[in-house]
Structure formats: C-alpha cells, structure tokens
Amino acid sequence: MDINPIRILIADDHPIVREGLRGMLSVKPGFEVVGEAEDGIEAVLLATSLKPDVVILDLEMPRKNGYDALIEIRRADPSIRVLILTSFSKDQKINACLEAGAMGCLLKDSSPQELIRAIRDVHRGEVALHPAIARRLLSSQSSNPPESNPNDLTDRETEVLRLIAHGLNNQEIADTLVISVPTVRTHINHLLSKLNLTSRSQAILYALRNNIATLDTE
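Throughout this description, residue numbers start from 1 for each chain and increase along the sequence as written. Owing to the predicted nature of the model, reporting of local features is limited to residues with pLDDT of at least 70; listing and counting of side-chain atom pairs is limited to 80 or more, with chain, interface and lining totals taken over all residues. The basis for every side-chain value is the complete set of non-hydrogen atoms in the structure, without hydrogens or water.

**Concerning the overall build of the protein chain**
Helix numbering and strand numbering both begin at the N terminus, where a helix is a DSSP run of H or I of at least 4 residues and a strand a DSSP run of E of at least 2. Broken down by element type, the protein chain carries ten helices and six strands. When the 218 residues of the protein chain are sorted by exposure, 49% land in the buried category. Residue pairs at least 24 apart in sequence account for 67% of intrachain contacts in the protein chain once pairs closer than 6 positions are excluded. Shrake-Rupley sampling with a 1.4 Å probe provides the accessible areas, and residues are treated as covered by the protein chains on show and by no other component. Of the roughly 10,400 Å² of accessible surface on the protein chain, 51% is carried by carbon and sulfur atoms. Relative accessibility under 20% of the residue-type maximum defines a buried residue, over 50% an exposed one, and the middle range a partly exposed one, all with a 1.4 Å probe and only protein chains included. Contacts were defined at the residue level, with two residues in contact if any of their heavy atoms lie within 4.5 Å.

**Describing the packing of helix α7 (residues 155-165) against helix α9 (residues 181-194)**
Packed helices, taken two at a time, are described by the angle between their axes plus the distance between the axes. In this analysis an axis means a line fitted to C-alpha atoms, helices contributing only their contacting stretch, and an angle means the value between N-to-C directions, from 0 to 180 degrees. The contact between α7 and α9 brings their axes to 9 Å, and the two run at 95 degrees. By the angle between their axes, α7 is roughly perpendicular relative to α9. Note on element contacts: α9 touches α7 through H187, I188, H190, L191 and K194, opposite R156, E157, V160, L161 and I164. Of the residues contributing to the contact of α7 with α9, the split by class is five nonpolar, two polar and three charged. Each angle receives one of four descriptions, namely roughly parallel if under 35 degrees, roughly antiparallel if over 145, roughly perpendicular if within 65 to 115, and oblique otherwise. By the convention adopted, Pro, Cys, Tyr, Trp, Phe, Met, Ile, Leu, Val and Ala count as nonpolar, Lys, Arg, Asp and Glu as charged, and the other residues, Gly among them, as polar.

**Overview of the nonpolar core**
Within soluble globular proteins, side chains that are nonpolar generally end up buried alongside one another. Within this scheme, the nonpolar core is defined by two criteria: the residues are buried Ala, Val, Leu, Ile, Met, Phe, Trp, Tyr or Cys, and they are joined through side-chain atoms within 4.5 Å. If you look at the biggest cluster of nonpolar residues, it comprises 69 residues, and the most contacted ones within it are L25, L57, I119 and L161. No other element matches the six residues that helix α10 (residues 200-209) contributes to this core. In this view, L57 contacts A11, A43, G66, A69, L70, V82, L83, I84 and L85; residues no more than four positions away in its chain are not counted.

**Structural notes on the environment of L163**
Along the chain, L163 turns up in helix α7. Here L163 falls in the buried class, since its relative accessible area comes to 14%. Setting aside residues no more than four positions away along its own chain, L163 makes contact with L168, I173, T176 and L177.

**Overview of the pairing of strand β2 (residues 31-37)**
Strand pairing is assigned whenever DSSP identifies at least 2 bridges connecting the two strands. Where strand β1 (residues 6-11) lies against β2, six bridges are found, and the strand directions are parallel. By the bridge assignment, R7 is partnered in β2 with E32. When the strands point away from the viewer, a crossover counts as right-handed if the route from the first strand across the helix to the second turns clockwise. Following the backbone out of β1, through helix α1 (residues 15-26) and into the adjacent parallel β2, one traces a crossover that is right-handed.

**Description of the pattern of salt bridges**
Whenever Lys or Arg places a side-chain nitrogen within 4 Å of a carboxyl oxygen from Asp or Glu, that contact is recorded as a salt bridge. Counting across every chain of the model gives twelve salt bridges. E172 is the salt-bridge partner of R117, the closest N and O atoms lying 2.8 Å from each other. Of this pair, R117 sits in helix α5 (residues 112-123) while E172 sits in helix α8 (residues 170-177), placing them 55 residues apart in sequence. A relative accessible area of 38% means that R117 is categorised as partly exposed. One salt bridge connects R124 with D121, and the closest N-O pair in it is separated by 2.4 Å.

**Re the side chain of S110**
Relative to the helices and strands, S110 resides in the loop between β5 (104-107) and α5. Polar contact is the term for a pair of N or O atoms within 3.5 Å; when the atoms are in protein, one must be able to donate a hydrogen and the other to accept it, and sequence-neighboring residues count only if both atoms are side-chain atoms. A polar atom in the side chain of S110 sits 2.7 Å from the backbone oxygen of L107.

**Some words on the side chain of D77**
For D77, the position within the fold is in the loop between α3 (66-76) and β4 (81-86). Among the polar contacts listed, one links the side chain of D77 to the side chain of S79, at a separation of 2.6 Å.

**A look at the environment of K108**
Following the sequence through the fold, K108 ends up in the loop between β5 and α5. Among the residues examined, K108 registers a relative accessible area of 29% and is labelled partly exposed. Setting aside anything within four residues of it in sequence, one finds K108 in contact with D12, H14, D58, L85, T86 and S87.

**Concerning the state of the cysteines**
Note: disulfide means a covalent bond formed between the sulfur atoms of two cysteine side chains. Only a pair of cysteine sulfur atoms within 2.5 Å qualifies as a disulfide here. All chains considered together, the criterion is met by zero disulfides. With no disulfide of its own, C97 lies 7.2 Å from the sulfur of C105, the closest cysteine sulfur. Judged by relative accessible area, which is 1%, C105 ranks as buried.

**Here's the deal with the sheet that holds strand β6 (residues 128-129)**
With respect to topology, six strands assemble into an open sheet ordered β2-β1-β3-β4-β5-β6, the strand pairing being parallel. This sheet does not close on itself; its edge strands, each paired only once, are β2 and β6. Bridge count between β5 and β6: two bridges; the pairing is parallel. Within β6, the residue paired with G104 across the bridge is A128. Lying on the sheet, α3 is in contact with β3 (54-58) and β4; it crosses β3 at an angle near 155 degrees.

If you want it as structure tokens, here you go:
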C-alpha cells in the first residue's frame, strides 16, 4: 500500500458530480482530493499549480473541453495521470484522448469500486477502461489496417499485450502467466519498443486494431 495518499483533482462542470466524487473519495483511505475544477480552463490551471497525481476529467465541459484540457495538462506535466470520466461510451473523443496519453476512461455509471480501482491503476501507470468502452474500441478498430508487424513479438509478448488490452494490471498479468511482476514489466518494455509505441494506452489501441484482442475473449 502506498504510504502517501493519491492526490486527486476532480474536473467536472456539474456540482453534484464533483460533490459525489469528493464525498466518496474523501472517506476512502489512500486518497486525497486536492482540488475541483468546473471547466476545462480551470482544470488546466489547477493541474498546473496543484500538481495532482491523478486528474479525473470530464470530456464535456464549458470554455475548454476535456480533450483540449488533457493536451494542455500533459504538455505542462507529463507525469500527471489523467482518467477520463464520460457519460457516453461512443464519444469519438475517447480514442483521441487515449492516443493523447489519457491512462483510462470510465463511464459515469461505473460503480464506486470500479472508480477506486481505476484511480489506483492509472496512478501506477496502468490503463483502466470501462468494459463498454473496450468493446466499442474492439469493434470500431477491427477493420483498420495493421501498423507495425505483430509478428515481431514473441509468443509471450503477444500474450502480455492481449492481457493489457483486456484491462489487466501488471500483478494480474503476472498471476495469469505465473511469472513475476518485474518479468511482466520487461515484456511490456520490449513489446513497446518493438512496436514503436510509448504507452500502455497506445498498446491497447494497437492490440484492438490488429485483432490481438477479440470481443469473445474474456
């Protein structure tokens, strides 16, 4: 367990959503809500000044939308992890946000347990996707042409990539494959390098586009 709490900035234009998130997170050990933003411009300003560990970012906000805010936050401080929170699994900005470096995306009807897990995962640098969003990405990306050659990967690296695409974190991948967490990290570093990718988010999209992960695989 982390000694220091995960410092969180909540950015959403609906006061009731901000209040609900703050109330839920404030009573959970290991979390600290350090600020709230009611629009995209304020989200960028507070992220820059408060330097939270994780920003929970709504996509649809006044003055500056979540995607544009994400770009500016990532440009100002790439160490800040961003978790997108949206009402619509079919929002076309989700794909763009993942490409731009968002570490996860949840729907607003997610359970508190799902949100808690997602925050912890993105704080560790791991991707968290709502199942409905993952399924939509699998469907929409399956017809896209391959990018780098997946045959460059070893069988074990391909297994690891598939598990990443299914939303497993490093410990879960290690448990599934009966290997150590450091070995999982090594495989991830190797497959990212071979495929010219820079993040787990990009790895997920690559797996979806190249049919390495499929809808009927649990």
